[in-house]
Amino acid sequence: MLMSQQFASTRKDVSEEEVSVNAQLLTKAGYVEKVMAGVYAFLPLGLRVLRNIEEVVREEMDAAGGQELLMPALHPKEYWEATGRWGGLDVLFKVPSQHGGREYALGPSHEEIVVPLAQKFIHSYRDLPQYVYQIQSKFRDEPRAKSGILRGREFMMKDLYSFHVDEDDMHAYYDVMKIAYSNVFTRCGLNAIETEASGGTFSEFSHEYQVVTESGEDIIFTCECGYAVNREIAKVQSGDECPLCKKGVINEHKAIEVGNIFSLHRKYSDPFKLRYTDESGVQQPVYMGCYGIGISRLMGAVVEVHHDDKGIVWPEGLAPYQVHVVQLGDDEDVVKSTQTLIKKLDKVGVSYMYDDRKLSAGAMFADADLIGAPHRVVVSDRSLKNGGVEHTVRSSGDSKVIDIAQLVKEL
Ligand code: ATP
Ligand code: MG
């Protein structure tokens, strides 16, 4: 991509309403743009990051046997009435139709859609277990939306639903999901702590994946032994002896909930009478689990954790581009060497942004740091005189002049 032709450039005039670090940096760097409180457009750079996160999530869900599908965002009211959530869920967006007085829900989650759907295909024990997931926009009428893309009224979520013959099978798959979730967050450069949280009315616990950072809206209590619990259900406080290992001391942290997994038991299968016929021909209830990851929130959490005073520092796997190429001046040698470099990058399939704008070195470097690609490569008269191009690693700041062919090999 040529930086001079980008749809969205970097900006300095970010609204003061954007108090969160993620919204400040992502807006300044041209990843997102606020449309209204809690609603953001993902610009070309931002969409590339979102897609990278989605790909990580897809790979891990597929590896755990998940089958991807896509359910609608617009839902019939009757299904929400069947579970009692039409009146019972305070964040539900309700949409009146212009015709015939009908009303719809905008999906905040998809149990009400996936269960009637599963009913069409699950009849016998031979049809179980099943695992389906989607990556899709969710809508929630959040009372406060001031944390940038961490809390949207419209946001991207991965939601997986599992269907089982009994409780044991439901619990066994829950453990499979724990591993998949841990893989996802590690691959996204996050240390997400598996934290005991409310299981609702249907389970003792759920597990949240919490990323410790000052900007978090949740409070969790942890011990070095691995014990972690959300304050909402905690029977401990900071300074207490750990109830699990009986040795460590409980610490308190602010954290961002990036994922949440639930054993649903029969909470949603019962209202829709989702049943199967067992081996002896008897009707049995289906047990379910559901497993969510806030894809767009995860992107915001990565920025909250991985930035410095100059801008974003993307983990390699999530960056919109691997390399930020800066061409300083347009002397013949510089132009030629830059062309050689980007041809080689094209050949080996390393993605790059090419800053071809004729700005001051300082302005171009500042934008490179703000955007936060893992590698910056500067081609200038000086670097060529010193034997190549100047390669700087964004995360460490380590810098060296290196021959183009050698650099491409290293990348
Ligand atoms: P919170 O407690 O932060 O409001 P939640 O517990 O209601 O979230 P879940 O229903 O568990 O959210 O949704 C699954 C995941 O979707 C969450 O773990 C989170 O990562 C993400 N998520 C939930 N609400 C939002 C939101 N308003 N904006 C962005 N991501 C969200
Ligand atoms: Mg949750």
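Preceding this section is the structure that the text describes.
This report concerns the structure included in the present document.

Focus on the layout of surface pockets
No. 1: Volume-wise, the largest pocket comes out at about 1400 Å³.
No. 2: Lining the largest pocket are 50 residues, and of these Arg-140, Glu-208, Glu-257, Asn-260 and Phe-262 lie nearest its centre.
No. 3: Mapped onto the lining of the largest pocket, the elements with two or more residues apiece are β8 (154-164), β9 (192-198), β10 (205-212), β13 (251-265), β16 (287-294) and α7 (295-305).
No. 4: Per-element tally for the lining of the largest pocket: the top contributor is β13, with eight residues.

Focus on the coordination of the magnesium ion (ligand 2)
No. 1: All of the protein donors around the magnesium ion (ligand 2) are Glu-257 (OE) and Asn-260 (OD1); their distances to the metal are 2.2 to 2.3 Å.
No. 2: For Asn-260, a relative accessible area of 12% gives the class buried.

What about the site of ligand 1?
No. 1: Near ligand 1, the surroundings consist of 13 residues, among which Glu-142, Arg-151, Gly-152, Glu-257 and Arg-297 are the closest.
No. 2: Note that a nitrogen atom of ligand 1 is positioned 2.8 Å from one of the backbone N or O atoms of Gly-152.
No. 3: Within the backbone of Gly-259, an N or O atom sits 3.5 Å from an oxygen atom of ligand 1.
No. 4: Protein contacts shield 82% of the accessible area of ligand 1, which totals 580 Å² for the unbound molecule.
No. 5: Comparing atom positions with the cavity grids shows ligand 1 to sit within the largest pocket.
No. 6: For the shell around ligand 1, the secondary structure elements donating two or more residues are β8 and β13.
No. 7: Considering each element in turn, the shell around ligand 1 owes the most residues, four residues, to β13.
No. 8: Split into classes, the residues belonging to the shell around ligand 1 amount to four nonpolar, four polar and five charged.

Looking at the packing of helix α1 (residues 21-28) against α7
No. 1: Running from N to C, α1 and α7 cross one another at 95 degrees; their axes reach a closest spacing of 9 Å. As far as their axial angle goes, α7 and α1 are roughly perpendicular. Contacts between α1 and α7 involve Val-21, Asn-22, Leu-25 and Leu-26 from the former and Met-299, Gly-300, Val-303 and Glu-304 from the latter.

Quick word on the packing of aromatic side chains
No. 1: Taken as a whole and assessed by the stated rule, the structure comprises eight aromatic pairs.
No. 2: Measuring from ring centre to ring centre gives 5.7 Å for Tyr-79 and Phe-272, while their planes differ by 85 degrees; the resulting arrangement is edge-to-face. Of this pair, Tyr-79 sits in helix α3 (residues 77-82) while Phe-272 sits in the loop between β13 and β14 (275-277), and the two are 193 residues apart along the sequence.
No. 3: Put simply, the rings of Tyr-131, Tyr-173 and Tyr-291 touch in pairs and so form one group of aromatic residues.

Observations regarding the pairing of strand β22 (residues 389-393)
No. 1: Looking at chain direction, strand β21 (residues 375-379) and β22 are connected through four bridges and run antiparallel. Directly across from Arg-376, in β22, lies its bridge partner Thr-392.
No. 2: Two elements, β22 and strand β23 (residues 399-402), share four bridges in a ladder whose sense is antiparallel. Each residue of the ladder has a partner; that of Glu-390, found in β23, is Val-401.

Structural notes on the sheet that holds strand β19 (residues 323-327)
No. 1: If you trace the five strands from one edge of the open sheet to the other, you get β20-β19-β21-β22-β23, paired in mixed fashion. In this open sheet, the two edge strands, each paired with only one partner strand, are β20 (352-355) and β23. Each neighbouring strand pair of the sheet contributes to a mean axis angle of 20 degrees, computed without reference to strand direction.
No. 2: As paired elements, β19 and β21 share five bridges and run parallel to each other. Each bridged residue has a counterpart across the sheet, and for Val-325 the counterpart in β21 is Val-377.
No. 3: Relative to the sheet, helix α9 (residues 361-371) contacts β19, β20 and β21, its axis offset from that of β19 by approximately 175 degrees.

Examining the sheet that holds strand β5 (residues 93-96)
No. 1: Taken together, three strands build an open sheet; the order of strands is β4-β6-β5 and the sheet is antiparallel. Looking at strand neighbours, the two that pair on one side only are β4 (74-76) and β5, the edges of this open sheet. Across the sheet, the mean angle separating the axes of adjacent strands is 40 degrees when strand polarity is ignored.
No. 2: The pairing of β5 with strand β6 (residues 103-106) spans four bridges and is classified as antiparallel. Each bridged residue has a counterpart across the sheet, and for Val-95 the counterpart in β6 is Tyr-104.

The rules behind the values
- Residues numbered from 1 in each chain as written.
- Chains lettered and ligands numbered in written order.
- Predicted model: local features only at pLDDT ≥ 70, side-chain atom pairs only at ≥ 80, totals over all residues.
- Heavy atoms only, no water.
- 1 Å grid on protein atoms, 1.4 Å probe; cavity = no way out; pocket = protein on both sides within 12 Å on 5 of 7 lines; lining within 4 Å.
- Points joined across faces, edges and corners; volume = space filled by probe spheres on them.
- Helix = DSSP H or I, 4+ residues; strand = E, 2+ residues; numbered from the N terminus.
- Donors = N, O, S within 2.8 Å, 3.2 Å for Na, K, Ca; no water.
- Buried < 20%, exposed > 50% of the residue type's maximum accessible area, 1.4 Å probe, protein only.
- Near = heavy atom within 4 Å.
- Polar contact = N/O pair within 3.5 Å; in protein donor to acceptor, adjacent residues only side chain to side chain.
- Areas by Shrake-Rupley, 256 points an atom, 1.4 Å probe, with all protein chains shown as cover.
- Sits in = over half its atoms within 2 Å of the grid points.
- Nonpolar A, V, L, I, M, F, W, Y, C, P; charged D, E, K, R; others polar.
- Axes fitted to C-alpha atoms, helices over the stretch in contact; angles between N-to-C directions.
- Parallel < 35°, antiparallel > 145°, perpendicular 65-115°, else oblique.
- Contact = heavy atoms within 4.5 Å.
- Phe/Tyr/Trp six-rings, centres within 6.5 Å; stacked < 30°, edge-to-face > 60°.
- Pairing = 2+ DSSP bridges.

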